[in-house]
Amino acid sequence: EKGLDILIKAMKYLPFVKLKIIGPGSISYVKKIKKVAQFQRNIIFYGNVQTHILEKMIADSKFVIVPSVWNEISPLTIYESFASGKPVIASNIGGIPEIVKDGDNGFLFEPGNVDDLADKIDKLWGNPALCRKMGQNARDYVEKYHSPEEHYEKLMEIYKLAIKKYE
């Protein structure tokens, strides 16, 4: 459901790109994925890392990839990346296209499409200026729509509607 097999296959076309895979997974899934990637020297598996290490890894990255093939609603990874000023390349599935605006704060690719994913990775990797611009757009987006103040305002609107309903 995370689409790591698609990402690993895309990386075969991009041996000059260094990929860091971060996060836990079942032992059987991790074994399977590592087998798919066994001859690729541009992929490093980190497994589960502490929050402060994850934040640093995101901050030090050019961009983040969310290759999900599952209908995710609102992946936290995207918001964490945007908060760090990093664009996201993500599957055009579920609620993801409501967050990642193709060509603005990242790129969307057709779920499961290795060639489309490889193309989007290559576009950002080879264009640092575009990467920085999309990263700034990502940061602007998260500040505008997901700041504590914005969250408070939306929550207060809900409370006001609920109170009005029972007055």
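Let us look at the structure shown here. (Residues numbered from 1 in each chain as written. Predicted model: local features only at pLDDT ≥ 70, side-chain atom pairs only at ≥ 80, totals over all residues. Heavy atoms only, no water.)

## Thoughts on the nonpolar core
Counting residues in each nonpolar core, the largest one holds 25 residues, and the members touching the most others are L7, M11, I65, I89, L117 and I121. Mapped by element, the contributors of at least two residues to this core are α1 (4–11), β1 (19–22), β5 (106–109), α5 (114–125) and α6 (128–145). Top element by residues in this core is α1. It accounts for six residues. When near neighbours in sequence (up to four residues on either side) are disregarded, I121 contacts L7, M11, L14, V17, F63, I65 and I89. In terms of nonpolar packing, the next biggest core, distinct from the first, is built from 16 residues, V66, A90, I99 and L108 among them. (Core = buried A, V, L, I, M, F, W, Y, C linked by side-chain atoms within 4.5 Å. Buried < 20%, exposed > 50% of the residue type's maximum accessible area, 1.4 Å probe, protein only. Helix = DSSP H or I, 4+ residues; strand = E, 2+ residues; numbered from the N terminus. Contact = heavy atoms within 4.5 Å.)

## A look at the sheet that holds strand β4 (residues 88–91)
Across the sheet, which stays open at both edges, the three strands sit in the order β3-β4-β5 with parallel pairing between neighbours. Looking at the sheet topology across the chains shown, the edges are occupied by β3 (64–66) and β5. Geometrically, the sheet is characterised by an average inter-axis angle of 15° between neighbouring strands, direction not taken into account. Inspection of the sheet shows β4 paired to β5 by four bridges, in the parallel sense. Directly across from A90, in β5, lies its bridge partner L108. (Pairing = 2+ DSSP bridges. Axes fitted to C-alpha atoms, helices over the stretch in contact; angles between N-to-C directions.)

## Considering the packing of aromatic side chains
Under the defined criterion, the tally for this structure stands at three aromatic pairs. Here the aromatic rings of Y141 and Y145 are separated by 5.1 Å at their centres, their planes lie at 45°, and the arrangement is tilted. Within this pair, Y141 and its partner Y145 are both found in helix α6, separated by four residues, close to a single helical turn. Judged by relative accessible area, Y141 falls into the buried class, the value being 14%. Following the ring pairs from residue to residue traces out a cluster consisting of F82, Y141 and Y145. In this structure, K62 is placed above the aromatic ring of W125, and the distance from its NZ or CZ to the ring centre is 4.0 Å. Here the guanidinium or amino end of K123 rests over the ring plane of F107, the centre of that ring lying 5.7 Å away. (Phe/Tyr/Trp six-rings, centres within 6.5 Å; stacked < 30°, edge-to-face > 60°. Lys NZ or Arg CZ within 6 Å of the ring centre and 35° of its normal.)

## A look at the packing of α1 against α5
Axis separation between α1 and α5 bottoms out at 8 Å; the angle between their running directions is 65°. The way α1 lies across α5 gives a crossing that is right-handed. Listed contacts from α5 to I6, L7, K9, A10 and M11 of α1 are V114, L117, A118 and I121. Across the contact of α1 with α5, the residue classes break down as eight nonpolar, no polar and one charged. (Left-handed = near helix turned anticlockwise from the far one by under 90°. Nonpolar A, V, L, I, M, F, W, Y, C, P; charged D, E, K, R; others polar.)

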